[in-house]
Amino acid sequence: MHGRDTGKSAREAHWSRRAFLKHGAVVGAGAALAPWSALADTHAGKLPTQLLEDSEFVYISPLKSDGNESSCHGEVWYGWLDDSVVINTAPGTWKGRALAKGLDRAKVWVGNHGRWKGLLGKNEAFRKAPFFEAKVTSVEGDPALLNRLLALYETKYPAEIADWRDRMRRGYETGERLLLRYAPV
């Protein structure tokens, strides 16, 4: 994402978590910790996409039918594509199983706060990160989207992608892996 001309103004191109939080403090007490949907008017109806483009990870938790968070949480590789978080995962993961059970809502936090194991009930710093609620859908038969996601992974995860690229590509073709789209609601 760095070094690429996105056509954004210099001010828009430098949204860091710190700048976002500072701006949120000016807008109103606690605004930086509110869901992005509550901040939409502050940001002219747009999510602070630079955070989503630059962050290494998002933390995802499926939402139960009653709206409460599932006990499943985890940091994942992702791409911010077409105004959605897109991930590549196996159907047997809790993310895939949740959607198969009809749990098509999730909460998504943005940022790198360490491995999810040990975070819940101990260090839940990720809960202070910007977040949004999302509608989850499975994307089938879209190799172009997979190629775009893998191209992002090449730049975001250069040390690890070589071990995963072919497995993700082949798995998507055979149904052993899914593309899941988390669109803000």
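This is a predicted model, so every value here is computed, not measured.

What counts and how
- Residues numbered from 1 in each chain as written.
- Predicted model: local features only at pLDDT ≥ 70, side-chain atom pairs only at ≥ 80, totals over all residues.
- Heavy atoms only, no water.
- Helix = DSSP H or I, 4+ residues; strand = E, 2+ residues; numbered from the N terminus.
- Buried < 20%, exposed > 50% of the residue type's maximum accessible area, 1.4 Å probe, protein only.
- Contact = heavy atoms within 4.5 Å.
- Areas by Shrake-Rupley, 256 points an atom, 1.4 Å probe, with all protein chains shown as cover.
- Phe/Tyr/Trp six-rings, centres within 6.5 Å; stacked < 30°, edge-to-face > 60°.
- Salt bridge = Lys/Arg side-chain N within 4 Å of Asp/Glu carboxyl O.
- Core = buried A, V, L, I, M, F, W, Y, C linked by side-chain atoms within 4.5 Å.
- Pairing = 2+ DSSP bridges.
- Axes fitted to C-alpha atoms, helices over the stretch in contact; angles between N-to-C directions.
- Polar contact = N/O pair within 3.5 Å; in protein donor to acceptor, adjacent residues only side chain to side chain.

## Some thoughts on the overall build of the protein chain
The secondary structure content of the protein chain amounts to seven helices and seven strands. Traced from its N-terminal end to its C-terminal end, the protein chain shows the element sequence α-α-α-α-β-β-β-β-α-β-β-α-α-β. Here the protein chain holds 185 residues, and the buried ones make up 41% of them. Sequence-distant contacts, at least 24 apart, represent 70% of the contacts inside the protein chain between residues at least 6 apart. Accessible surface, the protein chain as shown: approximately 10,000 Å² in total, 51% of it carbon and sulfur.

## What about the packing of aromatic side chains?
A full pass over the atoms with the stated rule returns five aromatic pairs. Look at W77 and Y153: their rings are 5.4 Å apart centre to centre, the planes differ by 75°, and that puts the pair in the edge-to-face class. Highlighted residues: W77 in the loop between β2 (74–76) and β3 (79–81) and Y153 in helix α6 (residues 143–156), separated in sequence by 76 residues. The burial state of W77 is the same as that of Y153; both residues are buried.

## So, the pattern of salt bridges
This structure, assessed with the given rule, holds four salt bridges. In this structure, E69 and K107 form a salt bridge, with 3.7 Å as the shortest nitrogen-oxygen distance. Placement of E69 in the loop between β1 (58–62) and β2 and of K107 in strand β5 (residues 105–110) is noted, with a sequence separation of 38 residues between them. Using a relative accessible area of 16% as the deciding quantity, one classes K107 as buried. Its salt-bridge partner being K135, residue D104 comes within 2.3 Å of it at the nearest N-O pair. Here K135 lies in strand β6 (residues 131–139) and D104 lies in the loop between α5 (94–100) and β5, a separation of 31 residues in the sequence.

## Some words on the nonpolar core
In this structure, I60, V85 and Y182 are the most contacted members of the largest nonpolar core, which totals 35 residues. Top contributing element to this core by residue count: α6, with six residues. Residue contacts for V85: discarding those within four places in its chain leaves L52, V58, Y78, G79, W80, V108, F132, L180, R181 and Y182.

## Focus on the sheet that holds β1
Within the open sheet, the seven strands sit side by side as β2-β1-β5-β6-β7-β4-β3. Their pairing is antiparallel. Only two strands of the sheet have a single partner each, and these edge strands are β2 and β3. The average angle at which neighbouring strand axes cross in this sheet is 40°, direction not considered. Taken together, the three bridges between β3 and strand β4 (residues 84–89) define a ladder with antiparallel strand orientation. Bridging across to β4, W80 finds its partner in V85.

## Focus on the side chain of K156
Residue position: K156 is located in helix α6. Reaching out from K156, the side chain makes a polar contact with the backbone oxygen of S55 at a distance of 3.0 Å. Each residue touching K156, except ones within four places of it in the same chain, is listed here: L52, S55, E56 and Y78.

## With respect to the environment of T137
Mapped onto the elements of the fold, T137 is located in strand β6. Along the chain, T137 and D104 lie 33 residues apart, while their C-alpha atoms are 6.8 Å from each other. Discounting chain neighbours no more than four positions away, the residues touching T137 are L99, L179, L180 and R181.

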